[in-house]
Amino acid sequence: MNNQLYIYDCLTGKLRVSDGSMMPVGAGKRNTFRVEMDRENGGSFVQRDEVCRFFPHGNIESYSLNGIRLKGDCVIKPNNLYLMVLAGGCIICWYGDPAKRPNFSGYDPGTWYVYDREASSWHGPYALPELKAIAAKLPESALATFRGLEHCAFYLRDLTEVIRHLERGSAVPATEAQVEQAELPTELRCPSCWESFKRREALAIATHPDLTSDSILGEDAMQRFLPTQLNSHGLPLDDRGSPCSEYACPHCHCKLPPFFDSTRQHIFSLIGVPASGKSYYLASMLHELEHELAREFGMPFRDADPASNAPLNDMRMRLFSGGSEKETYIGKTRLQSSLYHRVWRHNHFYSMPCPFIYRLNKGSEAYSLVFYDNAGENFNPGVPADQAIAAEHLNVASGLFFLFDPTANPEFRSLLKDNKDPQLRTDNNMAGRQSMLLAETEMRLRTQLNLPPNKKLDVPLAFIIGKSDTWSHLLGPEPLLPLVRSGMFMPEHVNANSARLRQFLFNVTPHLCMNAESISNNVRYFMVSSLGESPVEFTDDQGQTLLAPRSGMVHPFRVTDPVLWALSCAEPALLPSSQH
């Protein structure tokens, strides 16, 4: 058995792991487990013959372990959770089989609750420093725990030592240190309305059947409420005493995905004119990303909320499992389709794009990736405000993807006049619309972010030249460089490919390059094919001739390249890189 020791710092939310034989813990840089406390070194964990013991150092008079004051060494038994208060530090220890370790990613040490054992009552939520005031009013038997720490609690009296450490200014409570120390944001951002809020402000969703009629969502929705009482499992209790496991945004009251508060979130916004193939690209890209991240980097990529992702999962199934062109066809995204829902924002209900949320894990770190499939009409110049607001996720995005459709561009069409692709035979009336969309995007971002004319965004912008199966021969016989090699992401290959594609595109339609580069300081060019070959014509039940992928012949080409690059920009340490 290869047991490992995990130390979770409740002051910073940082998790550290080691399977070494000698593992010191303290505030100094030389410690295996560097945690917030008053001492440079507070003690050592020693593992010998599958037994782990903790030895306090000579200047530690005593420490608390699961509420018991100790002076000497102690045994850390396998597969048991230990809560330790040591020299002003507040840590959780667990030693054992890594497959059985607790779900540390679900811990939220920024939201504390207090249990009065004598009165059998819960109090909270509190930030850790706020426990000092409540401690003076409660008996010494009172317990304190935080969200996600099930079946375990500190004695409130022991935490006063930790609070004194915070008051001396040598440590920062977890709610303020999570971006720097734990790689977690200090605030959450709702994926439905894009407003930000703190963890402690998240609302619980009532489960008792009597508690219907929410103040915003109406009589058919369950009530949303700020939790004040928890059960023994750490779940909020509604006004009828029913445990609640789901949470909602305090602004729009939309349900949040499970464990949303324990992940770093990144929004990736996809834009393009109508009929440019955004839905096909999104479906094929997510399908391929699921396989590539696991195969190349050993990272699981999966649904964070299968119920909310159902429309996109249906598109994926149609695209890759449809038995006929009628089944593989994905209709045009419309404002009132299943890809949109009503969201309360700025004191009004708007039709907003549904967030498609996926979770990516790397070891103990978890990330939420949020994608949107906007109708192209949302980006038309002069659209009503109730349509333009649906595209405001661009303002908070970690990456922008512009999908360029060469078959709708007059300059490209003139180069492909001998091509038999049916997309080139249709009169889509899109001349100039794509450069107009980029100009409209720039104008909205500058206006909404109050960005002066001489400034650009730093957010990465991927210029995606789609439908490469129709035009890649124009680029020449030399293939593009691979972005991943032997499990390593290659930023230098991104830059080399981008420079080559940019020069090619500039020679064909230079104003599009200039428009994109007026938005961001960080633009890269990519070529993709969502289908791998040209679509075919079929006749629907109304006798209308439509285009769809050939059944069983969908083979996406390089669709993950833009996302891998955007991820490397948003989280530089996430992907193993040739430049790290």
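Keep in mind that this is a model prediction, so the values were computed, not measured.

## So, the overall build of the protein chain
Logical step 1: Looking only at helices and strands, the protein chain has twelve helices and 35 strands in total.
Logical step 2: Taken against the 2.2 N^0.38 rule, which gives 25 Å for 580 residues, the C-alpha radius of gyration of the protein chain at 27 Å falls within 12% of a compact globule.
Logical step 3: C-alpha extents for the protein chain along the principal axes are approximately 85 × 55 × 50 Å.
Logical step 4: Relative to all contacts within the protein chain whose residues are 6 or more apart in sequence, the contacts with residues 24 or more apart total 64%.
Logical step 5: As displayed, the protein chain has an accessible area near 24,900 Å², and 49% of this comes from carbon and sulfur atoms.
Logical step 6: Taking the average place of the 56 positive charges on the side chains of the protein chain and the average place of its 65 negative ones, the gap between the two points comes to 4 Å.

## Quick word on the sheet that holds strand 33 (residues 523–527)
Logical step 1: Across the sheet, which stays open at both edges, the seven strands sit in the order 24-27-28-23-29-30-33 with mixed pairing between neighbours. The two strands at the open ends of the sheet, each matched to only one other strand, are strand 24 (301–303) and strand 33. Averaged over all adjacent pairs, the angle separating strand axes in this sheet is 25 degrees, with direction ignored.
Logical step 2: Both strand 24 and strand 27 (residues 356–362) contribute to a ladder of three bridges, which runs antiparallel.

## Re helix 9 (residues 433–448)
Logical step 1: With 16 residues, helix 9 should reach 22 Å at 1.5 Å per residue; the first-to-last C-alpha distance of 22 Å fits that figure.
Logical step 2: Every buried residue of helix 9 is listed here: Gln-434, Ser-435, Leu-437, Leu-438, Glu-440, Thr-441, Arg-444, Leu-445 and Arg-446.
Logical step 3: In this structure, the buried side of helix 9 is in contact with strand 23 (264–271), helix 7 (385–388), strand 29 (399–404), strand 30 (461–465) and helix 11 (510–517).
Logical step 4: Asn-450 occupies a position one or two residues after helix 9 and carries a positive phi of about 55 degrees.

## Brief notes about the environment of Arg-359
Logical step 1: In this fold, Arg-359 is placed in strand 27.
Logical step 2: Placed 100 residues apart in sequence, Arg-359 and Phe-259 show a C-alpha to C-alpha distance of 9.9 Å.
Logical step 3: Apart from residues no more than four positions distant in its own chain, Arg-359 is found in contact with Pro-258, Phe-259, Phe-260, Thr-263, Pro-300, Phe-301, Arg-302, Ala-304, Ala-366, Tyr-367 and Ser-368.
Logical step 4: From its side chain, Arg-359 meets the backbone oxygen of Pro-258 in a polar contact 2.7 Å long.

## Some thoughts on the side chain of Gln-434
Logical step 1: One can find Gln-434 in helix 9.
Logical step 2: Exposure remark for Gln-434: the relative accessible area of 3% places this residue in the buried category.
Logical step 3: A distance of 2.8 Å separates the side chain of Gln-434 from the backbone nitrogen of Asp-405, its partner in a polar contact.
Logical step 4: Setting aside its immediate chain neighbours within four residues, Gln-434 contacts Val-273, Phe-402, Leu-403, Phe-404, Asp-405, Ala-408, Asn-409 and Leu-512.

## Digging into the side chain of Arg-444
Logical step 1: With respect to the helices, strands and loops of the structure, Arg-444 is situated in helix 9.
Logical step 2: In contact with Arg-444, not counting residues within four places along its chain, are Asn-378, Phe-379, Asn-380, Val-383, Ala-388 and Ala-391.

## Things to note about helix 10 (residues 491–508)
Logical step 1: Its 18 residues place the ends of helix 10 26 Å apart at the C-alpha level, agreeing with the 26 Å of an ideal helix rising 1.5 Å per residue.
Logical step 2: Listed as buried for helix 10 are Pro-491, His-493, Val-494, Asn-497, Ser-498, Leu-501, Phe-504, Leu-505 and Val-508. What you see down the axis of helix 10 is that its buried residues fit within an arc of 150 degrees, all on one side.

## Description of the packing of aromatic side chains
Logical step 1: Applying the stated rule across the entire model yields 26 aromatic pairs.
Logical step 2: Ring geometry for Phe-104 against Tyr-107: centres 5.4 Å apart, planes inclined by 75 degrees, an arrangement best described as edge-to-face. The pair Phe-104 / Tyr-107 is uniform in exposure class, with both members buried.
Logical step 3: Measuring from ring centre to ring centre gives 6.0 Å for Phe-412 and Trp-471, while their planes differ by 75 degrees; the resulting arrangement is edge-to-face. Residue Phe-412 is found in helix 8 (residues 410–415), and its partner Trp-471 is found in the loop between strand 30 and strand 31 (484–485); the two are separated by 59 residues along the sequence.
Logical step 4: For Phe-412, a relative accessible area of 0% gives the class buried.
Logical step 5: Overall, Trp-471 belongs to the buried group, its relative accessible area being 0%.

## Things to note about the confidence of the model for the protein chain
Logical step 1: Averaged over every residue, the pLDDT of the protein chain is 86; the share at 70 or more is 94%.
Logical step 2: Segment residues 175–184 is flagged for pLDDT under 50; beyond a separation of four residues in sequence, or across chains, it makes 30 contacts in the model.

## Digging into the pairing of strand 25 (residues 340–345)
Logical step 1: As paired strands, strand 25 and strand 26 (residues 348–353) are joined by six bridges and run antiparallel to one another. Its bridge partner being in strand 26, Arg-345 is matched across the sheet by His-348.
Logical step 2: The turn joining strand 25 and strand 26, which pair antiparallel and follow one another in sequence, is formed by two residues; a positive phi near 55 degrees is taken by His-346.

## A look at unusual backbone geometry
Logical step 1: The step from Gly-124 to Pro-125 runs through a cis peptide bond, and the omega angle for that step is 5 degrees.
Logical step 2: Inspection of the secondary structure puts Pro-125 in strand 13 (residues 121–126).
Logical step 3: We note that Ser-120 has phi near 50 degrees; this positive angle belongs to a residue other than glycine.
Logical step 4: Among the structural elements, Ser-120 can be located in the loop between strand 12 (108–116) and strand 13.

Thresholds, definitions, all that
Residues numbered from 1 in each chain as written. Predicted model: local features only at pLDDT ≥ 70, side-chain atom pairs only at ≥ 80, totals over all residues. Heavy atoms only, no water. Helix = DSSP H or I, 4+ residues; strand = E, 2+ residues; numbered from the N terminus. Rg over C-alpha atoms; globule rule 2.2 N^0.38 Å. Contact = heavy atoms within 4.5 Å. Areas by Shrake-Rupley, 256 points an atom, 1.4 Å probe, with all protein chains shown as cover. Lys, Arg positive; Asp, Glu negative; His and termini not counted. Charge placed at Lys NZ, Arg CZ, Asp CG, Glu CD. Pairing = 2+ DSSP bridges. Axes fitted to C-alpha atoms, helices over the stretch in contact; angles between N-to-C directions. Expected span 1.5 Å × (residues − 1). Buried < 20%, exposed > 50% of the residue type's maximum accessible area, 1.4 Å probe, protein only. Polar contact = N/O pair within 3.5 Å; in protein donor to acceptor, adjacent residues only side chain to side chain. Arc of directions from axis to C-beta. Phe/Tyr/Trp six-rings, centres within 6.5 Å; stacked < 30°, edge-to-face > 60°. pLDDT = per-residue confidence, 0-100.

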